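Here are the chains, one letter per residue:
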Amino acid sequence: MKKPVNLWQWVGWRMGVIAGGAVVLVCVIMWLQFFWWQLQVTSRIPPAAQAQVQRLIERPAGHEAEIWDYLTRYYDVEDVFPGISGTEWWTVALLVVAALPIVFVTGFLLLRPLSSRFREISQAARRVAQGDLNIQLPIIEHMPLEVQQLTSDFNTMTQRLRLYEREVQESSAVLAHELRTPLNAAMGRVQGMLDEVFPANTDQLGLVLHQLENLNVMVDDLLLLSLAQAGQLPLNSTTFTLQALLSERLKWFSPQLTAVGTQVAISKLPIVSIHADWNRIGQVFNILLENYLRYAAAGGKLDIQGQAHNDHLSLAFCDRGPGLSEDEAQRVFERFWRQETSRNRRAGGCGLGLSIAHAICSAHGGAISARRRLGGGMIFEIRLPIGRVIGSVSTTQGA
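What counts as what
Residues numbered from 1 in each chain as written. Predicted model: local features only at pLDDT ≥ 70, side-chain atom pairs only at ≥ 80, totals over all residues. Heavy atoms only, no water. Helix = DSSP H or I, 4+ residues; strand = E, 2+ residues; numbered from the N terminus. Buried < 20%, exposed > 50% of the residue type's maximum accessible area, 1.4 Å probe, protein only. Contact = heavy atoms within 4.5 Å. Areas by Shrake-Rupley, 256 points an atom, 1.4 Å probe, with all protein chains shown as cover. Phe/Tyr/Trp six-rings, centres within 6.5 Å; stacked < 30°, edge-to-face > 60°. Lys NZ or Arg CZ within 6 Å of the ring centre and 35° of its normal. Axes fitted to C-alpha atoms, helices over the stretch in contact; angles between N-to-C directions. Left-handed = near helix turned anticlockwise from the far one by under 90°. Patch = residues over 30% accessible without salt bridge, like charges linked within 9 Å, V, L, I, M, F, W, Y side chains within 5 Å. Salt bridge = Lys/Arg side-chain N within 4 Å of Asp/Glu carboxyl O. Core = buried A, V, L, I, M, F, W, Y, C linked by side-chain atoms within 4.5 Å. Polar contact = N/O pair within 3.5 Å; in protein donor to acceptor, adjacent residues only side chain to side chain. Expected span 1.5 Å × (residues − 1). Parallel < 35°, antiparallel > 145°, perpendicular 65-115°, else oblique. Nonpolar A, V, L, I, M, F, W, Y, C, P; charged D, E, K, R; others polar. Pairing = 2+ DSSP bridges.

(A) Up close: the overall build of the chain. When helices and strands are tallied, the chain shows twelve helices and seven strands. Burial analysis of the chain (399 residues in total) assigns 32% to the buried set. Intrachain contacts of the chain at a sequence separation of at least 6 include 72% that bridge at least 24 residues. Just so you have it, the chain exposes about 24,200 Å², and 59% of that area is on carbon and sulfur atoms.

(B) Representation of the packing of aromatic side chains in the model. Under the criterion given, the structure shown has four aromatic pairs. Geometrically, the ring pair formed by Phe333 and Phe380 is edge-to-face, given 6.5 Å between the ring centres and 85° between the ring planes. Within this pair, whereas Phe333 is found in the loop between α11 (326-331) and α12 (353-363), its partner Phe380 is found in strand β6 (residues 378-385), the two being separated by 47 residues in sequence. A single burial state applies to Phe333 and to Phe380, both of which are buried. Over the aromatic face of Phe198 sits the side chain of Arg189, whose NZ or CZ is 4.3 Å from the ring centroid.

(C) Main features of the packing of helix α7 (residues 202-229) against α12. Remark: α7 packs on α12, axes separated minimally by 10 Å, with the N-to-C direction vectors making an angle of 35°. Considering the relative orientation of α7 and α12, their crossing is left-handed. Touching Asp221, Leu224, Leu225 and Ala228 of α7 are Ser355, Ile356, Ala359 and Ile360, all from α12.

(D) A nonpolar patch on the surface, seen in detail. Taken together, the side chains of Val24, Val28, Trp31, Leu32, Phe35, Trp36 and Leu39 define a hydrophobic patch exposed on the protein surface, amounting to about 730 Å² of accessible area. Structurally, the position occupied by Trp36 is in helix α1 (residues 7-43).

(E) Structural view of the nonpolar core. Residues Leu242, Phe285, Ile304, Phe317 and Ile382 are the most contacted members of the largest nonpolar core, which totals 52 residues. The greatest single-element share of this core, amounting to seven residues, is contributed by helix α10 (residues 278-295). When sequence neighbours within four positions are dropped, the list of residues in contact with Leu242 reads Val272, Ile274, Ile281, Phe285, Leu313, Leu315 and Leu384.

(F) Examining the side chain of Gln148 more closely. One can find Gln148 in helix α6 (residues 145-194). Residues in contact with Gln148, not counting those within four places in the same chain, are Pro4, Ile139, Ile140, Glu141, His142 and Met143.

(G) Expanded view of the side chain of Arg373. Among the structural elements, Arg373 can be located in the loop between β5 (367-372) and β6. Judged by relative accessible area, Arg373 falls into the buried class, the value being 14%. In this structure the side chain of Arg373 is engaged in a polar contact, spanning 3.3 Å, whose partner is the backbone oxygen of Asp319. Those residues in contact with Arg373 that sit more than four places away from it in its chain are Asp303, Cys318, Asp319, Arg320, Met378 and Ile379.

(H) Structural context of α7. With 28 residues, α7 should cover 40 Å at 1.5 Å per step; its first-to-last C-alpha distance of 40 Å lies within 8% of that length. Regarding α7, the residues found buried are Gln204, Val208, Leu215, Met218, Asp221, Leu222, Leu224 and Leu225.

(I) Geometry of the packing of helix α8 (residues 242-252) against α10. At a minimum axis separation of 10 Å, α8 and α10 run at an interaxial angle of 50°. It follows from the interaxial angle that α8 and α10 lie oblique. Crossing of α8 against α10: the hand is right-handed. Where α8 approaches α10, its residues Leu242, Ala244, Leu245, Leu246, Glu248, Arg249, Leu250 and Trp252 are matched on the opposing element by Trp278, Asn279, Ile281, Gly282, Gln283, Phe285, Asn286 and Leu289. When its residues are assigned to classes, the contact of α8 with α10 shows ten nonpolar, four polar and two charged.

(J) Broad picture of the pattern of salt bridges. Going through the model one piece at a time under the given rule, you end up with eight salt bridges. Salt bridges linked by common partners bring Lys301, Asp303 and Arg373 together as one network.

(K) Layout of the pairing of strand β2 (residues 263-277). One ladder, built from five bridges, connects strand β1 (residues 237-241) with β2; its direction is antiparallel. Note on β2: the bridge partner recorded for Phe240 is Ile274. Note that β2 and strand β3 (residues 301-308) share five bridges and pair parallel. Opposite Ile266, over in β3, you have Ile304 as the bridge partner.

Below is the structure:
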C-alpha cells in the first residue's frame, strides 16, 4: 500500500503543478508565436541570401555592415531593437489573462477532493452534535496523512461515544437496581422492627448495618471510577517492589485459597522497584484474586507469571476456570457488566471490580487486559511502568 503524504506535500505538489503548468503554457505559446513569426520572415528571404547570411553569422567579425544591411532589408526595424516591443507586451498580457481562468479552474478541480472530505467530516460532526452516533466515515487512501488520521480519530471518537452512551444507559438501570436492593433490604428490616415483626435487637441492627455497608462500598466504588475518569484519582505514590506487595496480598487470601484447594504458582516475577500507590495496586491484586475465587477456583490452580520489559512490567494472572468468549473478554472491564451465566448476582459483587482495576492501572500510566487462555481459562494481564530490575523470583504457594 502506498504510503500517504503529509498535507503540506499534498497541497504543495498540486499548487506547484498548477503554477508550473501555467508558466510552461505561457512559454510554449510565446515560443510558438516566435517560431511562426520566424517562419513568415524566412519565407520572404531568397535561399541564396539565407545561405550567405548564415555564413556571415558564423563569422560576424568584420562583416557588421553586411549583417545590418541584411536585417534592415528583411526585418522590421523594431524587431532588431533591444528589449520587448509593445506588441509582445500585449501578447504576454493576453496570455496571462487567458491563463488565469485555467489556473483557477485547475486549482478548484485538484483541491476539490480535499474540500469535499472536510465538508463530509464537518457534516458528520454536525450529526454527532445532534445525537446521531451511528456514523463511520471511510478512510480514503489517496487523501493526505493528516486527513486520514483525522478520519480515523473521528471514527474512534464516535465509537467511544457509542460505548459511553450504551454504558450510561445500561449503568443507569443497573445502578438504580444495585442501590435499591440494599436500601430496600435495610428499610424493610427497620420497618419490620418498627412494626414489631422483627425484634429490635443487636442481630437485626447488624443486618441493617451490613446492607448499609454494602451501599457505602458501592458509592465509594462509583466515586473512585468518577475521579479516575476525570483524571483526578488521588495517588499516594511510594517506591516498593511488586514482589513484596503480591506476597502480602497472597498471605491475606491464603485461607480462602487453601479452602478451595488452590495452588498459586509464581514464575519469573522480576524484583522490580516501582513508584506507585501501594494500596491502589494492592486493590487491583485483591480484585483479581477475588475474581478468581468467585469464578475460576474450580480450575484448581492459579499461575502468576511476570515479565520485565524495557519500560514496563507485565504480570499475568492465569486460571483454568470456565473462561469468557472473545466478545465477553472485550466487555469485562465495563462497569456493572456481568456474564449472563456464571457472573451473575448469585456469585456476588456488583460488576464494578474489574472496571475499578482498569481505572487504577490507567491512573498509573499502565493498563490491564483480558484474553482467553490456550487450553481453557482466562488470562488477566497487568502492565505497569517500572524502574530498575533487581532480580526475579519463582515460588509456589497454597494448598
